[in-house]
Amino acid sequence: MLDNGPVRVLLVDDQPLLRMGFRLILEGEDDLCIVGEASNGAEAVRHVRELAPDVVLMDVRMPVLDGIEATRAIAASGSEAKIIILTTFDLDEYAFAGLRAGASAFLLKDVAPADLISAVRVVASGDAVVAPRVTQRLLETYVRGAGAGMDPAATDRDGGGQRAGADDGGQLAGSPARPARDPLLEDLTPRENEMLGAMAEGLSNAEIAHRYFLSEATVKTHVRRILTKLHLRDRVQAVVYAYETGLVVPSNADY
């Protein structure tokens, strides 16, 4: 529950039965409240403006306006709503495109009820990424293969594809040039750079605190400062940023 009341949730899916199923699961929790439903991305953008939800459960493939473009529009509007992309597979190019567009997390459509409830709460709190290592694995897969055409959805929808640094087989050691260093990184302290790298590894606040012998409260303070300095919406956007700017180089390990 947020400080000012229950977590306000908007359900977005073109299948009424799926929306009904998610509603039945979430409405059973005292700290969660369904404020509206939308059957396409255009409705979702309008409802976010009118209803001010805390969390949006967003399907990808919908008529009128798809979930990726709707996510991008909501993020660009300055809304504080956190968006969870609903996908069919965990290594899905649409999930990757959604994260790049501004989503805070992604879930599989067949998610267990308890995991759905937990995900909504965690994303609403802004305290962590849902399944951080799965998010990391997704990023590794698509950033590593960006130059090989593995991410057509993100490329087509982003009007130009990946930011520079992953062309001609970016997964090979010593291959292509990395992106130019973002000037905003100069504002980070050495400790904040360490924190950003640890977040990109998929570490939770507790794990970061353990690694660097800090309290979780101190880690949270560092995370907030990093997000502010880099003009990022949330923690998962910091992970995407770290990969796309070349701060983290995709490994050659199989995921």
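Up top is the structure these notes are about.
In this report, the structure presented in the accompanying data block is examined. Nothing here was measured: the structure is a model prediction, and the numbers come from that model.

Parameters at a glance
- Residues numbered from 1 in each chain as written.
- Predicted model: local features only at pLDDT ≥ 70, side-chain atom pairs only at ≥ 80, totals over all residues.
- Heavy atoms only, no water.
- Buried < 20%, exposed > 50% of the residue type's maximum accessible area, 1.4 Å probe, protein only.
- Helix = DSSP H or I, 4+ residues; strand = E, 2+ residues; numbered from the N terminus.
- Arc of directions from axis to C-beta.
- Axes fitted to C-alpha atoms, helices over the stretch in contact; angles between N-to-C directions.
- Parallel < 35°, antiparallel > 145°, perpendicular 65-115°, else oblique.
- Left-handed = near helix turned anticlockwise from the far one by under 90°.
- Contact = heavy atoms within 4.5 Å.
- Nonpolar A, V, L, I, M, F, W, Y, C, P; charged D, E, K, R; others polar.
- Salt bridge = Lys/Arg side-chain N within 4 Å of Asp/Glu carboxyl O.
- Core = buried A, V, L, I, M, F, W, Y, C linked by side-chain atoms within 4.5 Å.
- Pairing = 2+ DSSP bridges.
- Polar contact = N/O pair within 3.5 Å; in protein donor to acceptor, adjacent residues only side chain to side chain.
- Right-handed = clockwise from strand over helix to strand, strands pointing away.

**Here we look at helix α9 (residues 205-212)**
At step 1: Looking at α9, one finds that the buried residues are Asn205, Ile208, Ala209 and Tyr212. Looking down the long axis of α9, one finds its buried residues gathered within 100° of arc, a one-sided arrangement.
At step 2: Phe213 lies just past α9 and shows a positive phi near 55°.

**Some remarks on the packing of helix α8 (residues 190-200) against α9**
At step 1: Viewed as axis vectors pointing N to C, α8 and α9 meet at an angle of 130°, and their least axial separation amounts to 10 Å. Here α8 lies oblique to α9, going by the angle between them. Once α8 is placed against α9, the crossing between them reads as right-handed. Counted together, Arg191, Glu194, Met195, Ala198 and Met199 of α8 and Ile208, Arg211 and Tyr212 of α9 form the full contact between these two elements.
At step 2: Classifying every residue of the contact of α8 with α9 gives 5 nonpolar, no polar and 3 charged.

**Side note on the pattern of salt bridges**
At step 1: All chains considered together, the criterion is met by 10 salt bridges.
At step 2: What you see here is one network of salt bridges that share partners, running through Arg19, Arg23, Glu27 and Glu37.

**Observations concerning the nonpolar core**
At step 1: In terms of nonpolar packing, the biggest core is built from 24 residues, with Val12, Val48, Val56, Met58, Ile83, Ile85 and Leu99 touching the most fellow members.
At step 2: Contributing elements (two or more residues each) for this core: β1 (7-12), α2 (41-51), β3 (55-59), α3 (67-76), β4 (82-87), α4 (93-101) and α11 (235-244).
At step 3: With 5 residues, the top contributor of residues to this core is α4.
At step 4: Ignoring sequence-local partners within four residues, the contact set of Val48 consists of Leu10, Pro53, Val56, Ile74, Ser79 and Ala81.
At step 5: Counting 20 residues, the second-largest nonpolar core is a separate cluster that includes Leu11, Ile34, Val55 and Val123.

**A few points about the sheet that holds β3**
At step 1: Spatial strand order, β2-β1-β3-β4-β5: 5 strands in an open sheet with parallel pairing. Both outer strands of the open sheet, β2 (32-38) and β5 (105-108), are each paired with one neighbouring strand and no more. Between one strand axis and the next, the sheet turns through 25° on average, direction left out of account.
At step 2: Pairing analysis gives 4 bridges linking β4 to β5, with the strands arranged parallel. In the sheet register, Ile84 faces β5, and the bridge partner there is Ala105.
At step 3: Against the sheet, α2 engages β1, β2 and β3, with an angle of about 135° to β2.

**Regarding α3**
At step 1: What α3 keeps buried is the set Gly67, Ile68, Ala70, Thr71, Ile74 and Ala75. Summarising the axial view, the buried residues of α3 lie within an arc of 160°, below the 170-degree limit, and thus occupy one face.
At step 2: At the N-terminal end of α3, a side-chain oxygen is found 3.0 Å from the backbone nitrogen of Ile68, two or three residues along, and the residue is Asp66.
At step 3: Positioned one or two residues after α3, Gly78 has a phi angle of 90°, which is positive.

**Focus on the pairing of β4**
At step 1: In terms of burial, β4 is a largely internal element, 6 of the 6 residues being buried.
At step 2: Here 5 bridges tie β3 to β4, and the two strands are oriented parallel to one another. From the neighbouring strand, Met58 faces β4, where its bridge partner is Ile85.
At step 3: Once you follow β3 into α3 and on to β4, the crossover reads as right-handed.

**Re the pairing of β2**
At step 1: Of all 7 residues that make up β2, 5 are buried, and the element is covered over most of its length.
At step 2: Judged from the 6 bridges that link them, β1 and β2 form a sheet pairing that is parallel. Residue pairing for β2: Leu10 is matched across the bridge by Gly36.

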